[in-house]
Amino acid sequence: QVGEFLVKTPDDLVAVCRAWDLAATDKDENDNAAYTAGVLMGKRKDGRFVILDVINQQLKAGDVRVLVSQTAMIDKVKYPNVRVRLPQDPGQAGKEQAQSYMTMLAGYDVVIKPESGDKATRAEPMAAQWQHGNFDIVAGEWNEAYFNQLESFPAADACVHLAAVHSLLFLR
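The paragraphs below set out a description of the structure included in this document. (Residues numbered from 1 in each chain as written. Predicted model: local features only at pLDDT ≥ 70, side-chain atom pairs only at ≥ 80, totals over all residues. Heavy atoms only, no water.)

Moving on, we come to the overall build of the protein. Regarding its fold elements, the protein presents 6 helices and 7 strands. Its helices and strands taken in sequence order, the protein reads β-β-β-β-α-β-α-β-α-α-β-α-α from the N to the C terminus. (Helix = DSSP H or I, 4+ residues; strand = E, 2+ residues; numbered from the N terminus.)

Listed below in structure tokens is the structure:
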């Protein structure tokens, strides 16, 4: 349940985080390729949350890195204290990827955390806030696709929802 649709970014943000759910296959390789999603979320002075922007693209691994890097630069200009949150996959490959992203994003406030538990359980904190109408949404071209993915969760792998969950955890 959305609290308000906002025509512009509110000026009372006390924290901002862009969290990512990473994939590495583009549509040319697989019509059902997973999406890389980056959800930019803010916390307002009154404790409400606001979804500021959503990126949702099917990209190859190298293009994902470019997207994350360029988005961090753009977000930092608009929100100087923005935090970047990335998931860490299990095992050695996940550790290597985390170290590589941390190096690439040197100079930014970056947090990389291993994921644990199933997706539905990880989504509970956001679902509770959403159900109580504690989320506002900045109007944008991404809104319809975002709501479609939220409605399909957990039946479909709604990566934009998971990215938003990660943002919420760092804004509480």
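We now examine the environment of V82. Positionally, V82 belongs in the loop between α1 (61-78) and β5 (83-88). The spacing of V82 and A15 is 67 residues in sequence and 7.1 Å in space, taken between C-alpha atoms. Beyond its immediate sequence surroundings of up to four residues, V82 is in contact with V16, C17, R18, L40, D75, K76 and D109. (Contact = heavy atoms within 4.5 Å.)

It is worth spelling out α1 at this point. With 18 residues, α1 ought to run about 26 Å at 1.5 Å a step, and its terminal C-alpha atoms sit 26 Å apart, in line with that. If you check which residues of α1 are buried, you get V64, L67, V68, S69, T71, A72 and D75. Among the structural elements, β2 (13-21), β3 (36-44), β4 (49-57), β5 and α2 (91-104) are those in contact with the buried residues of α1. (Expected span 1.5 Å × (residues − 1). Buried < 20%, exposed > 50% of the residue type's maximum accessible area, 1.4 Å probe, protein only.)

Moving on to the nonpolar core. Ranked by size, the top nonpolar core spans 14 residues in total, and within it W20, V84, L86, Y101 and L105 carry the most contacts. Where this core is concerned, the elements lending two or more residues are α1, β5, α2 and β6 (109-114). Broken down by element, this core gets its largest block of residues, 4 residues, from α1. If you look at the next biggest cluster of nonpolar residues, it comprises 13 residues, including V39, I137, W142 and F147. (Core = buried A, V, L, I, M, F, W, Y, C linked by side-chain atoms within 4.5 Å.)

Next up on the list: the sheet that holds β6. If you walk across this open sheet you meet the 7 strands as β1-β7-β4-β3-β2-β5-β6, and the pairing is mixed. Looking at which strands have only one partner, the edges of the open sheet turn out to be β1 (2-6) and β6. Between one strand axis and the next, the sheet turns by 25° as a mean value, whatever way the strands run. Pairing analysis gives 3 bridges linking β2 to β5, with the strands arranged parallel. Bridge pairing links C17 to R83 in β5. (Pairing = 2+ DSSP bridges. Axes fitted to C-alpha atoms, helices over the stretch in contact; angles between N-to-C directions.)

In the structure shown here, the tally under the stated rule is 4 aromatic pairs. Aromatic ring contacts, followed pair by pair, group F5, W142, Y146 and F147 into a single cluster. One Lys or Arg, R65, reaches over the ring of Y101 and ends 4.6 Å from the middle of that ring. (Phe/Tyr/Trp six-rings, centres within 6.5 Å; stacked < 30°, edge-to-face > 60°. Lys NZ or Arg CZ within 6 Å of the ring centre and 35° of its normal.)

The next subject is the pairing of β4. Here 8 bridges tie β3 to β4, and the two strands are oriented antiparallel to one another. Along β4, the bridge assignment pairs V39 with V54. A loop of 4 residues connects β3 with β4, the two strands running antiparallel in sequence, and G47 in this loop sits at a positive phi of about 90°. As judged from the 3 bridges shared by β4 and strand β7 (residues 135-138), these two strands associate in the parallel manner.

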